[in-house]
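# A structural walkthrough
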2 protein chains.
Amino acid sequence: MEELIAARVRTVKPSFVREVLKAAGRKDLISFAGGLPAPELFDVEGMRQATLEALEKDPVGALQYGATEGHAGLRGEIAKLMAERGAHISPDQLVITTGSQQGIDLIARTLLDPGDVVLLEQPSYLAAIQVFELAQAEMRGIGSDGEGVLPDDLERQILALKAEGRAPKLIYLVATFANPSGATLSRERRVRVLELAAQHGIVVIEDDPYSELRFHGESVAPMVGLAQEVEGAENLSVYLSTLSKVVAPGLRVGWMVLPAWLQQKLVIIKQASDLHASTFAQHVGYRYLQSGRMEQHVPKIREAYGQRAQHMMATLERLLPRVLQFRAPEGGMFLWASMASGVDTMQLVPRAVDAGVIYVPGAPFFANPEGHAHHLRLSFSNSTPEQIEEGVRRLASVVMD
Amino acid sequence: MEELIAARVRTVKPSFVREVLKAAGRKDLISFAGGLPAPELFDVEGMRQATLEALEKDPVGALQYGATEGHAGLRGEIAKLMAERGAHISPDQLVITTGSQQGIDLIARTLLDPGDVVLLEQPSYLAAIQVFELAQAEMRGIGSDGEGVLPDDLERQILALKAEGRAPKLIYLVATFANPSGATLSRERRVRVLELAAQHGIVVIEDDPYSELRFHGESVAPMVGLAQEVEGAENLSVYLSTLSKVVAPGLRVGWMVLPAWLQQKLVIIKQASDLHASTFAQHVGYRYLQSGRMEQHVPKIREAYGQRAQHMMATLERLLPRVLQFRAPEGGMFLWASMASGVDTMQLVPRAVDAGVIYVPGAPFFANPEGHAHHLRLSFSNSTPEQIEEGVRRLASVVMD
């Protein structure tokens, strides 16, 4: 039957996270692997109230088919949230998606032909790489440091492609508390990336699930907001975000900010994909945002994650001194670490699982994984301080073995 | 910017239903257009209870990320429902989708390469045609009569393709109360289609949103159930269904029954598409199915739709005698009607809208629309008897003008 499968699908592999999460079914396993929010911090009572309100005030709206673009009330609340993040947009520019993952897939389906070039920060979000693979795009990694992508390297690569007679179509970035690196792109670099995009006619996708999770430091405006100040950039800026990390992933309520020319086409693809995101979940999300509970609740998540990050870093320094290098993130859910080059973190996984701890090895996060086997990603969001202590102890027993 | 859009997207047009629904924003308009369930029949209290139960019994499960295949409890309840419909399947064969629309899209993405041939009943569900267009498939219509597709025509087309050295990859059917034709494929024809599929190695997709909505007559087992009795067919049978027409479309909870070889690949595509369907909606659907309220509630929907169908047919016969031909459906939501050939129902739309009534013209339901301009689809599910009376009166004023 395998011959019936489409050619492009035959080459796509399940993401490593999927495999890791399966292994993590073991009850005694401490997982630093998945990017899961802490379930004990879910605002269950807030969700309950939002649902009751949605079913009381507009039961038909919450249960009937809806517009592909999304629920008008929710789009209004999200436009307000975007303004607080530093991007003044119109609700008309929004499309509500089934999680922001769908946003990446929809943009790839709308813009990419096989062989098109996508430039993405190196390392990059695994499931984005999977989407671009499925679109049969050619991925090229942009070099980065602790502050995110290097605009000079971006320019170098664009010019090298142009010299080959090719034009990159997309730049994909997690600009704030990147997955997996934890890095945040400075305002200056954001503007420079937008200038390059405008100059060369490339669409920039900023994927922003984490920016609300800042422990300290100054927030930086989303690129879609900064684009309004860069000539020619506004029409090329796409922004993705989600309620997954700040309210609940189970809602699968994400959103895209899009320029009009792109939104029209993308909505047609979205309609063929699933008609629209769950109106039930959208109405619950709408009532929740409207209630003002999110503003009260997010600081609790921020504080807890900040403490967990701090605790993980201190424990790593205590139990794995000098063996594991990392840079302290200013927010988000991840610690990106490196061992001595020569260590292969993928090969360590089975022994780590035997010891009762799991992480994500670094190589799969790179479009070109060579030379990146010594990295690993540790998530601190979904483990209690006790679990962090014990998990790092187990990791140390394997690494120091 | 248009040049950045992917080649295959440039040719895809918004579905006519989308346009029609926009026009239907007019408050005084009576819509026989969209396939919307009657909102006054939503079991709002049942949904409320199901949500409260979901958040009380397993808040973390309902709000956290979940498996791409779907929630285990919901898959178990759906396997029971499938057994009641006449198909004994394992929960492992199921994938929960964001509505059954996503099932069509996922199967197309998993199986179709550009240029592949899809055989589909003529006329066929609009948004399925849109999916196959987006997949750049070549669509060929299978002839049908009041009992659905003609297996002899199906065989003729398969053999004609084989004579050209080509092999069709998919057969797509709504076998029960088809959209738009209302026709139901007999058991004998279902078996014959399965035999042909097995003989020629073609995947059969049965899309079944409506089978619970039977007004009278005997139910026919789903093809995925019958496939167990046809040698070689089981591995080629795919079944799609949804809670949209029997519980609420807003949940966007659909499902697929798949053979193992296909499920593994499709789940990888699903993961890249949106990680998983809303766990919140899945848990609510699970608690609702488990409560037993659906069995009590569906007969009410069935009775109301049966009366509405009856009322629409009687009113059409009274106000448009001999002008509009149709066949009485045994269930579902649609009446498929024809005017004298020569009448173009698409051209009538603006005058109908002016008169305050809207329907879907027939031509877009055909892969090859030539010669089908005199058909139209009338939905009776979403209008009260009074609206049906007044809507048909308005339609008659336009047609008889």
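These numbers were taken from a predicted model, which means no experiment stands behind them.

With that settled, consider the UniProt feature "domain: Aminotransferase class I/classII large" (unreviewed entry) in chain A. Taking the numbering used here, the UniProt-annotated feature "domain: Aminotransferase class I/classII large" (unreviewed entry) corresponds to residues 46–395 of chain A. Measuring from the first to the last C-alpha atom of residues 46–395 of chain A gives 37 Å, for a span that is 46% helix and 16% strand.

For the rest of this paragraph, the subject is the domain arrangement of chain A. Residue and element names in this part refer to chain A. Taken domain by domain, chain A consists of domain 1 (2–43 + 295–399) and domain 2 (64–293). Between domain 1 and domain 2, the residue contacts involve 37 residues of the former and 34 residues of the latter. Of the roughly 3,200 Å² buried at the junction of domain 1 and domain 2 (both faces included), carbon and sulfur atoms supply 61%. Among the residues of domain 1 in contact with domain 2, R302, E330 and F365 are the three that bury the most area, contributing 20% of the side total. Summed over the shared surface of domain 1 and domain 2, the number is three salt bridges.

A few words on the environment of A:A198. All names here are of chain A. On the secondary structure map, A198 appears in helix 9 (residues 187–200). Judged by relative accessible area, A198 falls into the partly exposed class, the value being 23%. Leave out the neighbours within four places in its chain, and A198 touches E231, G232, A233 and L236.

Turning our attention to the pattern of salt bridges. For the structure on display, the rule yields 57 salt bridges over all chains. In this structure, the salt-bridge partner of A:K169 is A:D116, at a minimum N-O distance of 2.9 Å. Highlighted residues: A:K169 in the loop between helix 8 (151–163) and strand 7 (170–173) and A:D116 in the loop between helix 6 (99–111) and strand 3 (117–121), separated in sequence by 53 residues. The pair A:K169 / A:D116 is uniform in exposure class, with both members buried. With a shortest N-O distance of 3.8 Å, B:E53 and B:R287 are connected by a salt bridge. With B:E53 in helix 3 (residues 44–57) and B:R287 in helix 12 (residues 279–291), this pair connects stretches of sequence that are 234 residues apart. In the salt-bridge network here, residues are joined through shared partners; they are A:R318, A:E389, A:E390, A:R393 and A:R394.

Between chain B and chain A, which share one sequence, the superposing operator has a rotation angle of 180 degrees and an axial displacement of 0.0 Å; the RMSD is 0.0 Å. Both chain copies can therefore be described as sitting about a two-fold axis.

Here we come to the sheet that holds strand 8 (residues 203–207) of chain A. All names here are of chain A. Reading across from one edge, 2-10-9-8-7-3-4 is the order of the seven strands in this open sheet, with mixed pairing throughout. Edge positions in the open sheet fall to strand 2 (94–98) and strand 4 (138–142), since each of these has one partner strand only. Direction aside, neighbouring strands of the sheet carry axes that sit 20 degrees apart on average. As paired strands, strand 8 and strand 9 (residues 237–242) are joined by four bridges and run parallel to one another. Each bridged residue has a counterpart across the sheet, and for E206 the counterpart in strand 9 is Y239.

On the side of chain A, 78 residues touch chain B, which itself brings 78 residues to the contact. A buried area of about 6,600 Å², summed over both sides, lies between chain B and chain A, and 64% of it is on carbon and sulfur atoms. Across the contact surface, chain B and chain A share four salt bridges. Linking chain B with chain A are 34 residue pairs in polar contact (both at pLDDT 80 or more). Mapped by element, the contributors of at least two residues to the side of chain B that touches chain A are helix 1 (7–10), helix 3, helix 4 (59–63), helix 6 (99–111), helix 7 (126–134), helix 11 (260–274) and helix 12 of chain B. Considering each element in turn, the side of chain B that touches chain A owes the most residues, 10 residues, to helix 11 of chain B. Of the residues assigned to the side of chain B that touches chain A, the class counts are 43 nonpolar, 19 polar and 16 charged.

The subject of this paragraph is helix 3 (residues 44–57) of chain A. Residue and element names in this part refer to chain A. The end-to-end C-alpha distance of helix 3, which contains 14 residues, comes to 20 Å, matching closely the 20 Å that a straight helix rising 1.5 Å per residue would cover. Buried within helix 3 we find G46, M47, A50, T51, A54 and L55. Along the long axis of helix 3, the arc covered by the buried residues comes to 160 degrees, so they all point the same way. Exposed residues lying more than 90 degrees from the buried face of helix 3 are E56 and K57.

Let's shift gears to the packing of aromatic side chains. In this structure the tally under the stated criterion is 11 aromatic pairs over all chains. Each ring, one from A:F132 and one from A:Y172, has its centre 5.7 Å from the other, and the planes form 70 degrees; the classification is edge-to-face. Placement of A:F132 in helix 7 (residues 126–134) and of A:Y172 in strand 7 is noted, with a sequence separation of 40 residues between them. A single burial state applies to A:F132 and to A:Y172, both of which are buried. The interplanar angle of 10 degrees and the centroid separation of 5.5 Å between the aromatic rings of A:F280 and B:F280 together place this pair among those described as stacked. Taken together, the residues span two chains, with A:F280 in helix 12 (residues 279–291) and B:F280 in helix 12. Taking the relative accessible area as the measure of exposure, B:F280 reaches 0% and is therefore buried.

In this section: the nonpolar core. Nonpolar side chains in soluble globular proteins generally cluster together in the buried interior. Within the largest apolar cluster, 242 residues are counted, with the highest numbers of intra-cluster contacts made by A:F132, A:W255, B:F132, B:W255 and B:L378. Not counting chain neighbours up to four residues away, the residues in contact with B:F132 comprise B:I104, B:A108, B:L112, B:V118, B:L120, B:A137, B:M139, B:L170 and B:Y172.

Moving on, we get to the environment of B:S244. Along the polypeptide, B:S244 turns up in the loop between strand 9 (237–242) and strand 10 (253–257). We classify B:S244 as buried; its relative accessible area is 2%. If sequence neighbours within four positions are ignored, B:S244 has contacts with A:Y65, B:P37, B:P249, B:R252 and B:V253.

As a further point, take unusual backbone geometry. Peptide bonds are, in most cases, trans, and in most cases residues other than glycine have a negative phi. With an omega dihedral of 10 degrees, the bond running from A:N179 to A:P180 counts as a cis peptide bond. For A:P180, the location among the structural elements is in the loop between strand 7 and helix 9. We note that B:R252 has phi near 50 degrees; this positive angle belongs to a residue other than glycine. The topology assignment puts B:R252 in the loop between strand 9 and strand 10. Given the relative accessible area of 2%, B:R252 is considered buried.

So, how was this worked out
- Residues numbered from 1 in each chain as written.
- Chains lettered and ligands numbered in written order.
- Predicted model: local features only at pLDDT ≥ 70, side-chain atom pairs only at ≥ 80, totals over all residues.
- Heavy atoms only, no water.
- UniProt positions renumbered as here; feature names shortened; annotations may be inferred.
- Helix = DSSP H or I, 4+ residues; strand = E, 2+ residues; numbered from the N terminus.
- Domains from an automatic or database assignment.
- Contact = heavy atoms within 4.5 Å.
- Buried area = accessible area lost by both parts, 1.4 Å probe.
- Salt bridge = Lys/Arg side-chain N within 4 Å of Asp/Glu carboxyl O.
- Buried < 20%, exposed > 50% of the residue type's maximum accessible area, 1.4 Å probe, protein only.
- Least-squares fit on C-alpha atoms with pLDDT ≥ 70 in both.
- Pairing = 2+ DSSP bridges.
- Axes fitted to C-alpha atoms, helices over the stretch in contact; angles between N-to-C directions.
- Polar contact = N/O pair within 3.5 Å; in protein donor to acceptor, adjacent residues only side chain to side chain.
- Nonpolar A, V, L, I, M, F, W, Y, C, P; charged D, E, K, R; others polar.
- Expected span 1.5 Å × (residues − 1).
- Arc of directions from axis to C-beta.
- Phe/Tyr/Trp six-rings, centres within 6.5 Å; stacked < 30°, edge-to-face > 60°.
- Core = buried A, V, L, I, M, F, W, Y, C linked by side-chain atoms within 4.5 Å.

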